[in-house]
Amino acid sequence: MALFNLAASGLAGVLWYLWPQLGPWPLLLVLAGQASRVLSSGQWLPRTRFDAPLLLFFVTALLAATLAYNPTLAWAKFWVIVAGLALYAALATTPEEVTLPRVGVIAPRRLLVGSLASLVALYFLLTNDWLRWQGKLSGLDPLLSWLAAWQPALPGHRLHPNVAGGLIAALLPLQAVALPRNRARLPLLAISSAGLLLTLSRGAWMALLISVGVWWGWQHGRRWLARRAADRSTRTWLLVGLGMILLALLLMGAGRGWYPLPAAVSGRLLIWRHSLDLIGDYAFTGLGLDNFEMAYSSYVMLLHVGYQVHSHNILLNVWLEQGLLGLAAFAWLVLALLRRPAAPSFWRAAALIAVGVILLHGQVDDAFYGSRGVLILFLPWALVASPARGAAAPARASAGWAAARPFVWAAVGLLAGVILLLPGTRARFQANLGALRQTQAELAVYTWPQWPLQDELRRSGAINLAPALAHFEAALALDATNATANRRLGQIELSLGQYEAARRHLEAAYASAPGQRATVQLLGESYAIDSQLDRAAGLWRTVDLSQGQIPLRIWWYDHIEETYGAAWTSGEPK
């Protein structure tokens, strides 16, 4: 019955992956599989050492789905997350070997994990638009043209090459461990490796090489250090310290221009910086699952159409969508994996390398959370989470830690309570609620070209911004320097033609956070309206306006028949 449970959860996952709009219906398959397991074993879902962080992750994902301004997108992603959690539960409770009548002994976990990377590679090879990616690595262009010539026209969801690369790179170490040393091993690994190569995802290649290299270095380095430092903690902290020094040197060198960054990395840095601005508005709650695109355009880039689908960083994406608790759940999950279990598992090394790939590649792209790849995000954890009956069980805490644990948690809770009661924290929470209310009110209604700009919607009276404004005013009553409340009020006031109030709020926002892109552009607009064109141009020169933001604003003022926009031409940065 464990095998039936795994098959039912896997089928539900495939249905949710291909058609996430199915909603909760595939959940019936998951429940049927779990019911069969309970009836056959007489046990409810066995506990694993990752249950607590996964439960918190699920709760924050459910909250993020309910808070989203676009529920269609949010609930579609939520059900794929549920599919991933169901697959985790089924795989974690499936034994390594199962005896079937007339078949004999099979290894279902090895069969699934051993074939998954190759299946992803084949799916990518059959559905990718090869001609679109020519020129990325010119040496492979003839091969891409050949692939495009014989490729069948298959319908269905297409994997972006960076997503496919991230998925295959993380699955390859697991596949290498899962496959037995027989004649099928080499062809399957060759298919996966060829698929990874043809994704042209250099970030995925580097993430895999670095993760394998770090694991190899750790295994050999600790043996070398063992001859020079008997204390395990000394060895650990020495390696951590060396890693931090290396990372600091790399970042310092990039910041001081000691070596040029690739254009793709520079572009990512700009997106991350802008995404952090957006996080400042929704830090506590997040803005909802899969709802990044129009919020980023409307409140950071100040554009009327979508610009980026996500932040290209797994940690920023989790924080933006599921809030601070969602990020804490994911960090908890990673740290729990790093803790050595009491019983060894042959999956552990491959699982650590796979998570290393997820995290490293996730710093430049997000194959596992920013796409439907979230279906297999929890796979590495599932393989080392088997209940205590045969696999890794949680290590027992020492008697001293067990006695001190209540006091530690009490101290952490007291510190968190004190921080939450500070006026600045309460102001940020009120501003977060205001930003969330504004986003829900505006972007649930706004569509282009029905509304030419978000400003038109704000002036129309078709939406109620009073709850958002109340939260912003409450935030400023607690902290008059709150950047989110001042910027959001200034943006709304500019739309409504309340230019004096807008300038006061935007100047306050700029004084608190002069590096926020939206504040700089909006304050420059306020100065331009006041005929302070030199000050406006000085501000605008410090931000990226390459998406046509200033012509868009000139069009707006012409549209509402105000003469401010025409006078900007001389002040627009060249």
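Conventions we followed
- Residues numbered from 1 in each chain as written.
- Predicted model: local features only at pLDDT ≥ 70, side-chain atom pairs only at ≥ 80, totals over all residues.
- Heavy atoms only, no water.
- Helix = DSSP H or I, 4+ residues; strand = E, 2+ residues; numbered from the N terminus.
- Buried < 20%, exposed > 50% of the residue type's maximum accessible area, 1.4 Å probe, protein only.
- Areas by Shrake-Rupley, 256 points an atom, 1.4 Å probe, with all protein chains shown as cover.
- Core = buried A, V, L, I, M, F, W, Y, C linked by side-chain atoms within 4.5 Å.
- Contact = heavy atoms within 4.5 Å.
- Polar contact = N/O pair within 3.5 Å; in protein donor to acceptor, adjacent residues only side chain to side chain.
- Salt bridge = Lys/Arg side-chain N within 4 Å of Asp/Glu carboxyl O.
- Expected span 1.5 Å × (residues − 1).
- pLDDT = per-residue confidence, 0-100.
- Phe/Tyr/Trp six-rings, centres within 6.5 Å; stacked < 30°, edge-to-face > 60°.
- Axes fitted to C-alpha atoms, helices over the stretch in contact; angles between N-to-C directions.
- Left-handed = near helix turned anticlockwise from the far one by under 90°.
- Nonpolar A, V, L, I, M, F, W, Y, C, P; charged D, E, K, R; others polar.

1. A closer look at the overall build of the protein
Each helix and strand counted, the protein has 24 helices and two strands in total. Evaluated residue by residue, the protein yields a buried proportion of 48% over its 574 residues. Accessible surface, the protein as shown: approximately 27,500 Å² in total, 67% of it carbon and sulfur.

2. As for helix H12 (residues 292-301)
Extensive coverage of H12 is indicated by the burial of nine of its ten residues. Of all the residues in H12, the buried ones are Phe292, Met294, Ala295, Tyr296, Ser297, Ser298, Tyr299, Val300 and Met301. Positioned one or two residues after H12, Leu302 has a phi angle of 60°, which is positive.

3. Observations concerning the nonpolar core
Core analysis: the biggest nonpolar cluster contains 86 residues, and Phe50 and Leu289 have the highest contact counts within it. Apart from residues lying up to four places away in sequence, Leu289 is in contact with Ala61, Ala64, Ala65, Ala68, Leu73, Ala74, Lys77, Phe78, Ile81, Glu321, Gln322 and Tyr369. Listed in part, the 35 residues of the second largest apolar core include Tyr282, Leu316, Ala441 and Leu465.

4. Some remarks on the side chain of Thr48
Mapping Thr48 onto the fold places it in the loop between helix H2 (27-41) and helix H3 (51-67). A distance of 2.6 Å separates a polar atom in the side chain of Thr48 from a polar atom in the side chain of Asp51. Each residue touching Thr48, except ones within four places of it in the same chain, is listed here: Tyr88, Ala92 and Ala385.

5. Side note on the pattern of salt bridges
Considering all chains together, one arrives at nine salt bridges under this definition. Taking the shortest distance from any N to any O, the salt bridge between Lys77 and Glu321 comes out at 2.9 Å. Of this pair, Lys77 sits in helix H4 (residues 71-92) while Glu321 sits in helix H13 (residues 314-338), placing them 244 residues apart in sequence. When its relative accessible area of 9% is taken as the criterion, Lys77 is described as buried. In this structure, Glu442 and Arg458 form a salt bridge, with 2.7 Å as the shortest nitrogen-oxygen distance. Here Glu442, found in helix H17 (residues 423-443), pairs with Arg458, found in helix H18 (residues 454-460); they are 16 residues apart in sequence, far enough to count as distant. Here Glu442 and Arg458 have matching classes, each one buried. What you see here is one network of salt bridges that share partners, running through Asp281, Arg487 and Arg488.

6. Focus: helix H19 (residues 466-478)
Between its first and last C-alpha, H19 extends 19 Å over 13 residues, near the 18 Å set by a 1.5 Å rise per residue. For H19, the elements touching its buried residues are H17, helix H20 (483-496) and helix H21 (499-512).

7. Observations concerning the confidence of the model for the protein
Mean pLDDT over the protein works out to 84, with 84% of the residues at or above the 70 mark. This stretch, residues 388-396, has a pLDDT under 50; its non-local contacts, to residues over four places away or in other chains, come to 20 contacts.

8. Focus on the side chain of Glu442
A residue is classified by how much of its surface remains accessible, and Glu442, at 1% relative accessible area, is buried. Of the polar contacts made by the side chain of Glu442, one reaches the side chain of Arg458; its length is 2.7 Å. Residue contacts for Glu442: discarding those within four places in its chain leaves Tyr299, Leu457, Arg458, Ile463 and Leu465.

9. Side note on the packing of aromatic side chains
What the rule picks out here adds up to eleven aromatic pairs. Look at Phe57 and Phe378: their rings are 5.6 Å apart centre to centre, the planes differ by 80°, and that puts the pair in the edge-to-face class. Placement of the pair is Phe57 in helix H3 and Phe378 in the loop between helix H14 (348-361) and helix H15 (379-383), with a sequence separation of 321 residues. Phe378 matches Phe57 in its accessibility class, with the two residues each being buried. For the ring pair Tyr296 and Tyr307, a centre distance of 6.3 Å and an interplane angle of 0° mean the geometry is stacked. With a gap of eleven residues between them, Tyr296 in helix H12 and Tyr307 in the loop between H12 and H13 connect regions that are remote in the sequence. Looking at Tyr296, the relative accessible area reads 1%, which means it is buried.

10. A short note on the packing of H21 against helix H22 (residues 517-529)
Put simply, H21 and H22 touch, their axes get as near as 9 Å, and they point 140° apart. Viewed along their axes, H21 and H22 form a crossing whose handedness is left-handed. Packed against H21, whose contacting residues are Tyr499, Arg503, Leu506, Glu507, Ala509 and Tyr510, the element H22 presents Thr519, Val520, Leu522, Leu523, Ser526, Tyr527 and Ile529 at the interface. Its residues assigned to classes, the contact of H21 with H22 comprises nine nonpolar, two polar and two charged.

11. Brief notes about the environment of His505
By the secondary structure assignment, His505 is in helix H21. In this structure the C-alpha to C-alpha distance between His505 and Leu489, which are 16 residues apart in sequence, comes to 6.7 Å.

12. Digging into unusual backbone geometry
The peptide bond linking Trp448 to Pro449 adopts the cis configuration, its omega dihedral lying at 10°. Its location among the elements puts Pro449 in the loop between H17 and H18. A positive phi angle is found at Leu302, which is not glycine, with a value near 60°. Looking at the secondary structure, you find Leu302 in the loop between H12 and H13. The class for Leu302 is buried, based on a relative accessible area of 11%. Here Ser531, not a glycine, exhibits a phi torsion of approximately 65°, which is positive. Looking at the element boundaries, Ser531 is found in the loop between H22 and helix H23 (533-540). Looking at Ser531, the relative accessible area reads 62%, which means it is exposed.

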